[in-house]
Every structure is written in C-alpha cells, then in structure tokens.
Amino acid sequence: MTKTIYILNGPNLNLLGKRQPDIYGHATLEDVEALCASAAKDAGCDIVFCQSNHEGDLIDWIHEARDAASGIVINPAAFTHTSVAILDALNTFDGPVVEIHISQVHKREAFRHHSYVSMRADGVLAGFGIDGYAMAVSQVAKMIPA
Ligand code: CA2
C-alpha cells in the first residue's frame, strides 16, 4: 500500500512569497506543496499538505497522522520555539518526523535557536530555503520502515 506523509506548516507560512522575501524567498506555499508532491512521487509516497495559524489544528493533524500517515514533515514556524503541546503530540506518533525551517534559524535571533520539536524530530533541516522541503520529504520517506 502507498505510504502517506503528512506535511504540516505553522503560522504565517500562508504568507510565503508575499512578505519578507529577503528571509523566506519569493516562492509561495502553493509552490512548496508542488515541490513536496514531486519529491513524494519520486519516493513512491502520497502527501497530505496542511497549513494553519492555530496550534490546535496542528495538534489535531498530528493525532490524525497517528493512523493515517507513515511519516511527518513539519515546519512548526513560530510554534517551534514555544509549543510543548506540539512536542507532546509528536511524541504520540510512532513514525519518523523531520523538522524543516526555510531560514537558517541559528543565524537569527537567540529566541529562534531553541526548538521543542527538535527533541522529537529524527532529522532537522534549516537554511536551504524551500528546497529543504523536498529534502525533508525524500529523507522521511527513506526512514519509513518497509
Ligand atoms: O525559517 C522557518 O521556516 C521558520 O520556521 C519560519 C517561521 C519562524 O518563526 C521560525 O523561527 C523559522 C516564521 C514563518 C513566517 O512566515 C512568513 C512568510 C512570509 C512572510 C511573513 C512570514
């Protein structure tokens, strides 16, 4: 059966390509979804691609992924640095989790240097722009047990 990867995006990422191109580039979230779909196709996987500005939505999708997904790619955006609740939800998921950030968070403000999600993530990508999503999808697919 085809494996499904959930790709979850946190607050403000709906504005990708519309503001702050110096940090986040010119591509839109729709471009990111297309990139992920292509990387998943190459890996023989399906994707479910979601974005929300609300912490609870991300938690509900992680719960849904417990039964519906073999792996998770997550850019929790600002919740990366604040959300024990998202960490707790990810800790209930059995498959591989890859955390991705468009920007190189460790070159930015000190408050972006800590990630709760990294305490669960099996891999972390930061600073490769939206190409990081394709890398994350490809890597999470490789981590899914046969
Ligand atoms: O680099 C990343 O991917 C981040 O997860 C993006 C978050 C930021 O809080 C993290 O520290 C690093 C912010 C997402 C906001 O996205 C925007 C995109 C376009 C315009 C404005 C915001």
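Fair warning: this is a prediction, and the values are worked out from it, not measured in the lab.

1. Topic: the UniProt feature "site: Transition state stabilizer" (unreviewed entry) in the protein
The sites that carry the UniProt feature "site: Transition state stabilizer" (unreviewed entry) are, in the present numbering, R19. Looking at where R19 falls in the secondary structure, it is placed in the loop between β1 (3–9) and α1 (21–24).

2. Comments concerning the sheet that holds strand β3 (residues 71–75)
Pairing between sheet strands relies on hydrogen bonds along the backbone, with the strands arranged either parallel or antiparallel. Here we have five strands laid out as an open sheet, ordered β2-β1-β3-β4-β5, and parallel in their pairing. Each edge of the open sheet is held by one strand with a lone partner, namely β2 (45–51) and β5 (123–126). Across the sheet, the mean angle from the axis of one strand to that of its neighbour is 15 degrees, orientation sign disregarded. Examined bridge by bridge, β3 and strand β4 (residues 97–101) share three bridges and lie parallel to one another.

3. So, the site of the ligand
Taken together, 17 residues lie near the ligand, and N75, H81, I102, S103 and R112 sit nearest. Out of a free accessible area of 510 Å², the ligand has 95% covered by protein chains.

4. Considerations on the pairing of β3
Of all the five residues making up β3, five are buried; the element is thus mostly covered by neighbouring parts of the structure. Residues G71, V73 and N75 of β3 are buried on one face, and the alternating residues I72 and I74, pointing to the opposite face, are buried as well. Pairing of β1 with β3, which is carried by five bridges, proceeds in the parallel orientation. In the strand pairing of β3, I5 is matched with G71. As a crossover connection, the stretch from β3 through helix α4 (residues 84–90) into β4 is right-handed.

5. Quick look at unusual backbone geometry
The phi torsion at Q20 lies on the positive side, around 50 degrees, for a residue other than glycine. The residue Q20 is located in the loop between β1 and α1 in this model. Given the relative accessible area of 42%, Q20 is considered partly exposed. Even without a glycine there, the phi angle at A77 is positive, about 55 degrees. In this fold, A77 is placed in the loop between β3 and α4. Look at A77 and you get buried, because its relative accessible area is 15%.

6. Let's talk about helix α2 (residues 29–43)
In this model α2 runs 21 Å from its N-terminal to its C-terminal C-alpha over 15 residues, within 8% of the 21 Å that 1.5 Å per residue would give. Of the positions making up α2, those classed as buried are L29, V32, C36, A39 and A40. The buried side chains of α2 occupy one side of the element, clustering within an arc of 100 degrees when seen end-on. Facing away from the buried side of α2, by more than 90 degrees, are the exposed residues E30, K41 and D42.

Reading the values: the criteria
- Residues numbered from 1 in each chain as written.
- Predicted model: local features only at pLDDT ≥ 70, side-chain atom pairs only at ≥ 80, totals over all residues.
- Heavy atoms only, no water.
- UniProt positions renumbered as here; feature names shortened; annotations may be inferred.
- Helix = DSSP H or I, 4+ residues; strand = E, 2+ residues; numbered from the N terminus.
- Pairing = 2+ DSSP bridges.
- Axes fitted to C-alpha atoms, helices over the stretch in contact; angles between N-to-C directions.
- Near = heavy atom within 4 Å.
- Areas by Shrake-Rupley, 256 points an atom, 1.4 Å probe, with all protein chains shown as cover.
- Buried < 20%, exposed > 50% of the residue type's maximum accessible area, 1.4 Å probe, protein only.
- Right-handed = clockwise from strand over helix to strand, strands pointing away.
- Expected span 1.5 Å × (residues − 1).
- Arc of directions from axis to C-beta.

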